[in-house]
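Secondary and tertiary structure notes
The primary structure of each chain is shown beneath.
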Amino acid sequence: MVNNAAVIQCLVERDFGSSVAKPTPRSRTSLEPCLPARLPSTAFLQREAEHAAPQAFLRQLRGNRTTSSPTSSFHSEYDEQGNSTRRMSISSSTSPSSPSSPSAKFVTPQSRSSKTWKDLQPFEILRAIERKDIMFLMEVRDHAFPLLLHKTGDATPLLHAMRIGQSHRDVAILLLGAFSRWINHLEDSEMQLPKTRVILKALRIAQSDLIASFLQTLVMSEGDKWVRAQVHTVSIALRSGSAGKPVSTAEAAVRKFATKELSKADAIAALEDYIANATVDLLLLSAWSMTLESIDGQPIPLYYFARDDRVFRAFADRLELHQSTLHRNISRRLKWQLRLLRQVLDDRNMTYRAKVEVLTKELDEGDGI
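Residues numbered from 1 in each chain as written. Predicted model: local features only at pLDDT ≥ 70, side-chain atom pairs only at ≥ 80, totals over all residues. Heavy atoms only, no water.

Two elements in contact, helix 6 (residues 157-164) and helix 7 (residues 169-184), have axes whose closest approach is 8 Å; the angle formed by their N-to-C orientations is 155 degrees. Between helix 6 and helix 7, the crossing angle belongs to the class labelled roughly antiparallel. Where helix 6 crosses over helix 7, the handedness of that crossing is left-handed. On helix 7, the residues touching Pro-157, Leu-158, Ala-161 and Met-162 of helix 6 are Val-171, Ala-172, Leu-175 and Phe-179. Here the residues of the contact of helix 6 with helix 7 sort into eight nonpolar, no polar and no charged. (Axes fitted to C-alpha atoms, helices over the stretch in contact; angles between N-to-C directions. Helix = DSSP H or I, 4+ residues; strand = E, 2+ residues; numbered from the N terminus. Parallel < 35°, antiparallel > 145°, perpendicular 65-115°, else oblique. Left-handed = near helix turned anticlockwise from the far one by under 90°. Contact = heavy atoms within 4.5 Å. Nonpolar A, V, L, I, M, F, W, Y, C, P; charged D, E, K, R; others polar.)

Here we take up helix 10 (residues 224-239). Here helix 10 is 16 residues long and its end C-alpha atoms lie 22 Å apart, about the 22 Å a rise of 1.5 Å per residue gives. Residues Trp-226, Val-227, Gln-230, Val-231, Val-234, Ser-235, Ala-237 and Leu-238 constitute the buried set of helix 10. The arc enclosing the buried residues of helix 10, seen along the axis, measures out at 165 degrees, which places them on a common side. Relative to its buried face, helix 10 has exposed residues pointing more than 90 degrees away, namely Lys-225, Arg-228 and His-232. Following helix 10 by one or two positions, Gly-241 adopts a phi angle in the positive range, close to 75 degrees. (Expected span 1.5 Å × (residues − 1). Buried < 20%, exposed > 50% of the residue type's maximum accessible area, 1.4 Å probe, protein only. Arc of directions from axis to C-beta.)

Assignment of secondary structure puts Ile-173 in helix 7. As for Ile-173 and Leu-158, which are separated by 15 residues in sequence, their C-alpha atoms are 8.8 Å apart.

Moving on, we come to helix 15 (residues 332-345). The terminal C-alpha atoms of helix 15, which comprises 14 residues, lie 20 Å apart, in line with the 20 Å expected from a rise of 1.5 Å per residue. Within helix 15, twelve of the 14 residues are buried, leaving the element largely enclosed by the surrounding structure. What helix 15 keeps buried is the set Leu-334, Lys-335, Trp-336, Gln-337, Leu-338, Arg-339, Leu-340, Leu-341, Arg-342, Gln-343, Val-344 and Leu-345.

Inspection of every chain in the model, using the stated rule, returns five aromatic pairs. Judged by centre distance (6.1 Å) and plane angle (85 degrees), the rings of Phe-145 and Phe-179 are edge-to-face. With Phe-145 in the loop between helix 5 (134-143) and helix 6 and Phe-179 in helix 7, this pair connects stretches of sequence that are 34 residues apart. Both rings, one in Tyr-303 and one in Tyr-304, keep their centres 5.6 Å apart while their planes meet at 85 degrees; by these two values the pair is edge-to-face. Of the two residues, Tyr-303 and Tyr-304, both sit in the buried class. The rings of Phe-145, Phe-179 and Trp-182 are connected pair by pair, giving a single aromatic cluster. (Phe/Tyr/Trp six-rings, centres within 6.5 Å; stacked < 30°, edge-to-face > 60°.)

Worth remembering: the numbers are spatial, not functional.
So this is what it looks like as structure tokens:
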């Protein structure tokens, strides 16, 4: 359809000599460009999330407490989480990607066929480091791990890689990962072997400059004595309730041990992560040792201490196994403490440091039970 309004208006003016009122044109909108505010950076969002998560979790904990008693919530907690814990335990124990022991053999295309691994010489390790032969070093890790700790002259393989400089940083990281992997995949039956203790002592020397991994090795090389002493101390603090400040007690014990070995410990983020992990494990070991005073159960092995989440997995398995006995035999305060530890530490969206912050607010500064 064609708009002939202008033509008709022109004809009217011509034939009748009168002008038709023209519509007032609409004023044109002036252009005013605007720029949206810049979105916050990822680092800012991450910091805000880490700060807000413990506060939100704490509000949720205290909100739940006002609607249910500690005893009933303790019992219902395990009814709800039992199946998920069993699934997690089964999946972790049967995962095909987890080797059964640190000496597990892996089939590689470059396996040594003409010569046994026992005949391997230390200089071959140093040569592989210089050549950045990653595949060969991984085979040594799987078949002859102690050779990665053998000192030649005044240097271990790790120190040799670090001395070469920035170009061999990836080799140093590989060796460090091999040390951590060996520790985390130790089997219970291997912990008491003299050979294992010798390797742990060698790891203590090899990792003397390597923050969290070094501290992990230090604690393990100390044996059970230090862990037992701290478990006893934290148990006393837990028994005293909020006045005993159990979280602060556990953290102070780990930090005191760490700062004897490292200077400027407060400025090292990796150390803070390790301290948070160790603090949580001390709390779990102490709470469970108190529980064993009232029930007949298995203790958590002390060599699980500060090895990822092994202590928590053992703690959760034992709580599920003995939940009916716990409901009858332990004190009201201990029920609340066990429930709180389980609930906070089972959250996989918070870092260990955030979890310690939540536990501090509840166990050290909260009203308690």
